[in-house]
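Summary of the model geometry
Each chain, letter by letter, is given below.
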Amino acid sequence: MAPNADDLTPARRTASRRRFLAAGLTGGAVLGLGGLLTACGSSDGSAGPGTAKPSGGGSPDQKSVKQGGDDYATVIEKMKGFGTDAAPGVYPRTVRHAMGETVLPAKPVRVVVLDTGELDNVVSLGVQPVGVVHTDGSKTMPSYLKDKAGSPANVGTINSLNLEAIAALKPDLILGSQLRAQDQYAQLSKIAPTVFSLRPGYPWKQNFLLNASTFDLETEAKTQLDAYQAAATAIGARLGDKRPAITPLRFMPGKTRLYAELSFIGTILTDVPLPQPAIERVKELAVEISPEQIDKADADWIFYGVYGSPTSTNQDTVLGGALWKTLGAVKSGQARPVSDETWFLGLGVMAATAVLTDLKGFVAPGS
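Each value, and the rule that gives it
Residues numbered from 1 in each chain as written. Predicted model: local features only at pLDDT ≥ 70, side-chain atom pairs only at ≥ 80, totals over all residues. Heavy atoms only, no water. Helix = DSSP H or I, 4+ residues; strand = E, 2+ residues; numbered from the N terminus. Buried < 20%, exposed > 50% of the residue type's maximum accessible area, 1.4 Å probe, protein only. Salt bridge = Lys/Arg side-chain N within 4 Å of Asp/Glu carboxyl O. Pairing = 2+ DSSP bridges. Phe/Tyr/Trp six-rings, centres within 6.5 Å; stacked < 30°, edge-to-face > 60°. Lys NZ or Arg CZ within 6 Å of the ring centre and 35° of its normal. 1 Å grid on protein atoms, 1.4 Å probe; cavity = no way out; pocket = protein on both sides within 12 Å on 5 of 7 lines; lining within 4 Å. Points joined across faces, edges and corners; volume = space filled by probe spheres on them. Contact = heavy atoms within 4.5 Å.

**A few points about unusual backbone geometry**
The residue after Y91, namely P92, is reached through a cis peptide bond having omega 0°. Within the element layout of this structure, P92 appears in the loop between α2 (75-78) and β3 (93-97). For the bond from V272 to P273, the omega torsion is -5°, close enough to zero to count as cis. Residue placement: P273 occurs in the loop between α9 (264-271) and β13 (286-289). Unusually for a residue other than glycine, K170 sits at a positive phi of about 50°. One can find K170 in the loop between α4 (163-168) and β9 (173-177). The exposure class assigned to K170 is exposed, which follows from its relative accessible area of 64%. Here D216, not a glycine, exhibits a phi torsion of approximately 60°, which is positive. Position of D216 among the secondary structure elements: in the loop between α7 (204-214) and α8 (218-239).

**Describing the pattern of salt bridges**
Counting across every chain of the model gives nine salt bridges. A salt bridge links D271 to K205, with the shortest nitrogen-to-oxygen separation between them at 2.7 Å. Highlighted residues: D271 in helix α9 and K205 in helix α7, separated in sequence by 66 residues. E261 serves as the salt-bridge partner of K283, at 3.1 Å between the closest nitrogen and oxygen. You can see K283 sitting in the loop between α9 and β13 and its partner E261 sitting in the loop between β12 (255-259) and α9, a full 22 residues away along the chain. For E261, a relative accessible area of 22% puts it in the partly exposed group. Connected via shared salt-bridge partners are R93, D216 and E218.

**Concerning the sheet that holds strand β5 (residues 111-113)**
Judged by pairing direction, the sheet is mixed, and its six strands sit side by side in the order β8-β7-β6-β5-β9-β10 without closing on themselves. The sheet terminates laterally at β8 (160-161) and β10 (194-197), the two strands that pair on one side only. Pairing analysis gives two bridges linking strand β7 (residues 153-157) to β8, with the strands arranged antiparallel. Across the sheet, the residue bridging to G156 is L161, located in β8.

**As for the packing of aromatic side chains**
A full pass over the atoms with the stated rule returns 10 aromatic pairs. Aromatic pair F251 and Y304: ring centres 6.2 Å apart, planes at 75°, arrangement edge-to-face. Of this pair, F251 sits in strand β11 (residues 246-252) while Y304 is found in strand β14 (residues 301-306), placing the two residues 53 residues apart along the sequence. On the basis of relative accessibility, which here comes to 0%, the residue F251 falls in the buried class. On the basis of relative accessible area, Y304 is assigned to the buried category, the value being 12%. Between F303 and F362 the ring centres are 5.1 Å apart and the planes differ by 40°, which places this aromatic pair in the tilted class. Note that F303 is positioned in strand β14 and F362 in helix α14 (residues 349-363), a separation of 59 residues in sequence. Among the residues examined, F303 registers a relative accessible area of 0% and is labelled buried. Through a chain of ring-to-ring contacts, three or more aromatic side chains come together here, namely W301, F303, W343 and F362. The positively charged end of R93 is found above the aromatic ring belonging to Y91, 4.5 Å away from the centroid.

**Some thoughts on the layout of surface pockets**
Its boundaries defined by the atoms lining it, the largest pocket holds a volume of some 300 Å³. Taken together, 15 residues form the lining of the largest pocket, with M79, F82, Q206, L209 and L210 sitting closest to its centre. Elements supplying a minimum of two residues to the lining of the largest pocket: α7 and α8. For the lining of the largest pocket, the element with the highest residue contribution is α7, accounting for five residues.

**A word on α7**
The element α7 is extensively covered by neighbouring structure, given that eight of its 11 residues are classed as buried. Here α7 has its buried residues at W204, N207, F208, L210, N211, A212, S213 and T214. Residue D216 follows α7 closely and has a positive phi angle near 60°.

**Overview of α9**
Where burial is concerned, most of α9 is hidden: seven out of the eight residues are buried. For α9, the elements touching its buried residues are α7, α8, β11, β12, α13 (340-343) and α14.

Interpretation in functional terms is not warranted from these geometric data alone.
Laid out in structure tokens, this is it:
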């Protein structure tokens, strides 16, 4: 995977690819829709079984999806029409999604997943994929899923899909997102029925329900989401009015991020709820800061992850620096490392539940 499963897009893009960064916000930079955003691609408009056809309400305006801003905060609203009207157990079924409508002739049994969220989703539903992509930072199965995911074949990375390897697996379903792989959608649809969410990240619950609809497992998905929310609410009840402010901090090659409200971890903190410092209370993915601005990360608790090898980031420089040692959370022993693959890369209910377990142990022990 690319440096961040919550906001990356395919690297094999034309020169029209661009970064949406709004400067400013208390000396940081606010990261908008997906950071690196894709150029528009064409979609196969044919409508045979398992092939998407354009849908009047199902496919969003490409330009608005690319630009971030207000559209970034309305993705969940746009997804309300996604899913299926098929009765339980009924196939063929038509699934509405980001690229239109896809007909599934039968319940899928050979699924290829193109992102960490889709991987978490299918494994959560008891489905072992036949093919997966990996991150550029870790070419192995996430450890928290390893015992449940089986032994799927490697079909490339999020930045570089191996279409030949995907086709060789003879899948009957491919799951991904428009933001990640829109340019490959037409080719993927010729291999197998393909269903795309709008984007990974903070709409992870809606993505889970969309993926579940392809397997006729919406009820199971809702049950798991209810259990997750009950666990989040229990942490909040344990804390009562004494709810510490939390900073999710991430070290990445070339950048340091404070994750904000419209991120995977941001949604989990909202569900407890646990507050974040003012700099992070923005309707964006994250705020980027320099090592000299690390004091902006201060909160009651700082939970920090690192993407890939720490030596490829400025983590050691920051954690060994004099400014880091002045932070209140550091002085109180409440700046702790956490698993990057669950806190920032997981993007599904199993990862979210693992994050809640971590939070409970740190901020609400004994509950």
